[in-house]
Amino acid sequence: MTRMIERWFPCAEVTANAKSGWGSGRSEKTLFTWFAARPLAQAKAAVICSLLPWPDEAAEQERLCGLVRRAMEGRDAAHGELVEELARHYPDGASLLDSFSGRAMIPLEAARLGVKAWGIDYSPVATLAGTLLADYPLRDWSGEPRLPFDGYEQWATEHFTEPRLLRDVGFVLKLVGDRYEAAMDEFYPVVNGKRPWGYLWAVTVPCVNCGQRLPLVGNLQLRRPDLKKDDPGQSYRIVADAAAGTFRAEVHDGLPGEPATLVKAKGSGRGKAAVCVFCAHAHHFDVHTRLMADGLAQDALLVVADRDEKTRTRYRSPTAAEREAADAAEKALKSEADFAPGLPAVPHERAVGSTGPRRYARYGYRTFGDCCGTRQTLGFVRLARIVNAVAAELRGGGSCPREKAECLRRRRCPNHCARRRGVS
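Let us look at the structure shown here. (Residues numbered from 1 in each chain as written. Predicted model: local features only at pLDDT ≥ 70, side-chain atom pairs only at ≥ 80, totals over all residues. Heavy atoms only, no water.)

### Here's the deal with the overall build of the chain
- Counting its secondary structure elements, the chain contains 15 helices and twelve strands.
- For the chain, the residues scored as buried account for 38% of the 424 residues in total.
- Of the contacts formed within the chain by residues at least 6 apart in sequence, a portion of 56% connects residues at least 24 apart. (Helix = DSSP H or I, 4+ residues; strand = E, 2+ residues; numbered from the N terminus. Buried < 20%, exposed > 50% of the residue type's maximum accessible area, 1.4 Å probe, protein only. Contact = heavy atoms within 4.5 Å.)

In structure tokens, the structure reads:
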């Protein structure tokens, strides 16, 4: 049998719907980011055209092409017509195999039409994504035990109209978020009644001439001017205190009034030279990158960003409390215990990949644990502990009806639990 996809495909409709709206697949991307994400419209069209036959009669061809075009008008457009059409061609039920399924977008679209679908992928991350996007959401979770957490009953009452899986996932995500906020609260102090939107840090290296630390900054502009909104923009300057051996960022309105510390200097060769804010000594590109590669780089907090109703973002210098919080995070990270023997809180695997180890070493990052700021790393460590704790509480609270040992042995507890209750 010749399939429709071998003779015709709704390219124009896929293109039109892939840019925005239901066919873009942006909702699915927010649920699980994937490096090779495809538009949802493409997946839907591929499923329909792979299953429908290509008839010999011109009139029948035109009818089926019209049906596919109508189906591309929305996420569930022409759903009833498509289900009836597939039932006519597959009286025993249609089935579909995607041998390179990625996040399982094609199996997901097939399942929406009542088609039994299988997805295969070599990547374990892809199979996890496919399970979360195209398997679990289509199961019946109404028979699951109640979650063993304080506040769940009230949450379930307030969200009783939502599907059970959506309700429980929402509660667990909020629970993890609340615990994370409590665990990291002291390291992100509230200023003027709200938490900052972001922080600007700079890498510093010791000056080979005076020994003081200089920040490596390539641009001093923080927010561009907007004449229509009477917004002069914001920039900052680096102010050095030679007597104390310290520097700070001073935020001001308007454009930068002086050059950054990373500048293109005559005779500096490739890259930019780093100019010391204390003695004005210029470090050629090879010099300051060598200092970083030797592990002499440190991070310094420069600027804090707050949300602003008029300009959306307004920048300021960090307070003493914010600097102390950043220092406290560094001390706290050093005291974090290992997750398990041989599994430290901060990853120590060598930072190698498709770009090779030299690119990471140039900036002093020898391991994957070096690739984030201290406070970011601490946040990831504590988030991982919180997720582990919530999972343990779910197992201990009876949310899984199978014996714990058997679940750990089989390593596929959710599937077995569902099958035990007759969920396909």
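So that's the structure; there's more coming.
### Brief notes about helix α6 (residues 105-112)
- Of the residues making up α6, those classed as buried are Met105, Pro107, Leu108, Glu109 and Ala110.
- Count one or two residues on from α6 and you reach Gly114, which has phi positive near 80 degrees.

### Topic: the packing of aromatic side chains
- Applying the stated rule across the entire model yields six aromatic pairs.
- Where Trp155 meets Phe171, the ring centres are 5.9 Å apart and the plane angle is 65 degrees; that geometry is what we call edge-to-face. Of this pair, Trp155 sits in helix α8 (residues 152-158) while Phe171 sits in helix α9 (residues 164-184), and the two are 16 residues apart along the sequence.
- In this structure Trp155 comes out as buried when scored by relative accessible area, which is 16%.
- By relative accessible area, which is 7% here, Phe171 ends up buried.
- Three or more aromatic residues joined by ring pairs form one cluster here, namely Phe149, Tyr152, Trp155 and Phe171.
- Directly above the ring of Tyr188 sits Arg375, whose terminal nitrogen or CZ lies 4.3 Å from the centroid.
- If you follow Arg385 out to its NZ or CZ, it ends over the ring of Phe339, 4.3 Å from the centre. (Phe/Tyr/Trp six-rings, centres within 6.5 Å; stacked < 30°, edge-to-face > 60°. Lys NZ or Arg CZ within 6 Å of the ring centre and 35° of its normal.)

### Quick word on the environment of Arg270
- Tracing the chain through its elements places Arg270 in the loop between β8 (262-263) and β9 (273-275).
- In this structure Arg270 comes out as exposed when scored by relative accessible area, which is 54%.
- Placed 15 residues apart in sequence, Arg270 and Phe285 show a C-alpha to C-alpha distance of 6.7 Å.
- Discounting residues that sit within four places of it in the chain, Arg270 has contacts with Lys264, Phe285 and Asp286.

### Concerning the pattern of salt bridges
- Applying the stated criterion across every chain, the model contains 26 salt bridges.
- Residues Glu28 and Arg75 are paired through a salt bridge, measuring 3.3 Å at the closest nitrogen-oxygen approach. With Glu28 in helix α2 (residues 26-31) and Arg75 in the loop between α4 (58-71) and α5 (79-89), this pair connects stretches of sequence that are 47 residues apart.
- Overall, the relative accessible area of 6% leaves Glu28 in the buried class.
- Ionic pairing is found between Glu60 and Arg63, a salt bridge with its closest N-O pair at 2.6 Å. Placement of both Glu60 and Arg63 in helix α4 is noted, with a separation of three residues, approximately one turn of the helix.
- Taking the relative accessible area as the measure of exposure, Arg63 reaches 35% and is therefore partly exposed.
- One continuous salt-bridge network, built from bridges that share partners, spans Glu28, Arg75, Glu109 and Arg112. (Salt bridge = Lys/Arg side-chain N within 4 Å of Asp/Glu carboxyl O.)

### Some words on unusual backbone geometry
- We note that Ala104 has phi near 70 degrees; this positive angle belongs to a residue other than glycine.
- For Ala104, the position within the fold is in the loop between β1 (95-98) and α6.
- Overall, Ala104 belongs to the buried group, its relative accessible area being 7%.
- Backbone geometry places Arg312, a non-glycine residue, at a positive phi of 70 degrees.
- For Arg312, the location among the structural elements is in strand β12 (residues 312-316).

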